[in-house]
Amino acid sequence: MNKITVVGSINFDTTVRTEHLPKPGETVHSKEMFTNGGGKGANQAIAAARNGGQVSFIGAIGNDETGQALLGLLDRDHINTAGVRKLDTTRTGSAYVMVNDEGENSIIIYGGANQAIADEHIEEMRGLIAESDYVIAQFETNLSSIERSFEIAKQYQVTTILNPAPARATIPERIIQLTDILIPNETELETISGQPITNQQELIAATQKVHEMGIQTVIVTLGSKGAFYSFDDGRTGFVPAFNVKAVDTTAAGDTFIGALATKLTADFSNINEAIVYGCKAASLTVQRYGAQQSIPYESEINLSESSSLVTE
């Protein structure tokens, strides 16, 4: 059982369904509105916990009822929440998600407590990080929290995974140096590499650019096409997606990362199999609405029949 510590965001999501996403100045009517737990960090932690990982979460909430409710959702999946701090100076993070009939989404995030994680807080969790197999972070928290947690991880030979989302044109060099596995989507890879990706050759060239920055392993999620992985020694591979009808892509990438981290071995020798598992988990997520409520359990994935999940 992999021990996974997620340093990341926890948000209260408000999701609205519309026929199409509004253009600037346009008003559209909502078909449905509902609330749900979210935040890329919390989503990834829940995905890992539901798929066999021993998971701890480091983050922050406001001193409000919303934060307490979100903490309860982590507790429900038996995630260690000793690393979650309650802050009196800011509100719990929030996200506002619009989903169209094709399952595509647009998201607005209020960072709140997620942007106020102190270095001292990370330092207090040193023992938790040291005992982990993987430490996962994203860009929905302040950069100093990522850097400090990764510095501690490397002191104890713990593998670090960075999900560079939301996309940033520049990633601090120190964080790059401390990252073992980078898991961007195609758009995020374009932003990081500074070059467009319209075919396989450009995809390979963009990942090579990331390797030149100093990152040894890159896994690129490609939505309905699957995932591509690349090592700095030249080894590459492609895993096709499962052919399903997507109704909401929210949390699909988070599900992939959390599920993959529970199966990946320390030497990455089973990377293909771990990615297949992550793709299968994500394929179930996109068939449901919402973030955390859509993330599948290991038992669901194992029981999925080939008739409902067919590779392209």
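Residues numbered from 1 in each chain as written. Predicted model: local features only at pLDDT ≥ 70, side-chain atom pairs only at ≥ 80, totals over all residues. Heavy atoms only, no water.

> Tell me about the packing of aromatic side chains, and name the residues and values.
Two aromatic rings are characterised by how far apart their centres lie and by the angle between their planes. All chains considered together, the criterion is met by one aromatic pair. The ring centre of Phe139 lies 5.7 Å from the NZ or CZ of Arg168, which sits over that ring. Taking NZ or CZ as reference, Lys263 lies 4.8 Å from the ring centre of Tyr277, over its face. (Phe/Tyr/Trp six-rings, centres within 6.5 Å; stacked < 30°, edge-to-face > 60°. Lys NZ or Arg CZ within 6 Å of the ring centre and 35° of its normal.)

> Run through the UniProt feature "domain: Carbohydrate kinase PfkB" (unreviewed entry) in the chain, naming residues and quoting values.
Mapped onto this structure's residue numbering, the UniProt feature "domain: Carbohydrate kinase PfkB" (unreviewed entry) falls at residues 1–296. The distance separating the terminal C-alpha atoms of residues 1–296 is 18 Å; by composition the span is 34% helix and 28% strand. (UniProt positions renumbered as here; feature names shortened; annotations may be inferred. Helix = DSSP H or I, 4+ residues; strand = E, 2+ residues; numbered from the N terminus.)

> How would you summarise the nonpolar core if you had to cite specific residues and measurements?
Ranked by size, the top nonpolar core spans 40 residues in total, and within it Phe57, Ile219, Phe256 and Ile275 carry the most contacts. Looking at this core, the elements with two or more residues in it are β1 (3–7), α1 (40–50), β4 (54–62), α2 (65–76), β8 (134–138), β12 (226–231), α9 (252–263) and α10 (271–285). The biggest single contributor to this core is α1, with six residues. By size, the runner-up hydrophobic cluster in this structure holds 35 residues, among which are Ala60, Phe150, Leu182 and Ile215. (Core = buried A, V, L, I, M, F, W, Y, C linked by side-chain atoms within 4.5 Å. Buried < 20%, exposed > 50% of the residue type's maximum accessible area, 1.4 Å probe, protein only.)

> Which residues make up helix α7 (residues 186–193), and what are the values?
For α7, the complete set of buried residues consists of Glu188, Leu189, Ile192 and Ser193. Taken end-on, α7 shows its buried residues confined to a sector of 120°, consistent with a single buried face. Buried-residue contacts for α7 involve β9 (159–163), β10 (181–182), α8 (200–213) and β11 (217–221). Sitting at the amino-terminal end of α7 is Asn185, which places a side-chain oxygen 3.1 Å from the backbone nitrogen of Thr187. One or two positions beyond α7, positive phi appears at Gly194, with a value near 75°. (Arc of directions from axis to C-beta. Contact = heavy atoms within 4.5 Å. Polar contact = N/O pair within 3.5 Å; in protein donor to acceptor, adjacent residues only side chain to side chain.)

> Which residues make up the pattern of salt bridges, and what values do they have?
All chains considered together, the criterion is met by 14 salt bridges. Among the ionic pairs, Asp254 bridges to Lys40, the shortest N-O distance being 2.8 Å. On the criterion of sequence distance, the pair formed by Asp254 in helix α9 and Lys40 in helix α1 is long-range, its members being 214 residues apart. The same class applies to Asp254 as to Lys40, namely buried. Salt bridges linked by common partners bring Glu123, Arg126, Arg148, Glu151 and Arg174 together as one network. (Salt bridge = Lys/Arg side-chain N within 4 Å of Asp/Glu carboxyl O.)

> Break down the UniProt feature "binding site: ATP" (unreviewed entry) in the chain for me, with residues and values.
Under the local residue numbering, the UniProt record ascribes the feature "binding site: ATP" (unreviewed entry) to Asn185, Thr221, Leu222, Gly223, Ser224, Lys225, Gly226, Gly253 and Asp254. Relative to the assigned elements, Leu222 resides in the loop between β11 and β12. Look at Leu222 and you get buried, because its relative accessible area is 9%. Leave out the neighbours within four places in its chain, and Leu222 touches Glu186, Leu203, Ala227, Phe228 and Phe238. One can find Gly226 in strand β12. With relative accessibility at 5%, the residue Gly226 sits in the buried group. With residues up to four places along the chain from it excluded, the contact list for Gly226 reads Val220, Thr221, Val239, Pro240 and Ala241.

> Outline the sheet that holds β10, listing residues and values.
Pairing in this open sheet of nine strands is mixed, and the strands run β5-β4-β1-β8-β9-β10-β11-β12-β13 from one edge to the other. The open sheet terminates on both sides in strands that have one partner only, identified here as β5 (80–87) and β13 (236–240). Of the strands in this sheet, β1, β8 and β9 touch helix α5 (residues 143–155), which is tilted by about 160° from β9. (Pairing = 2+ DSSP bridges. Axes fitted to C-alpha atoms, helices over the stretch in contact; angles between N-to-C directions.)

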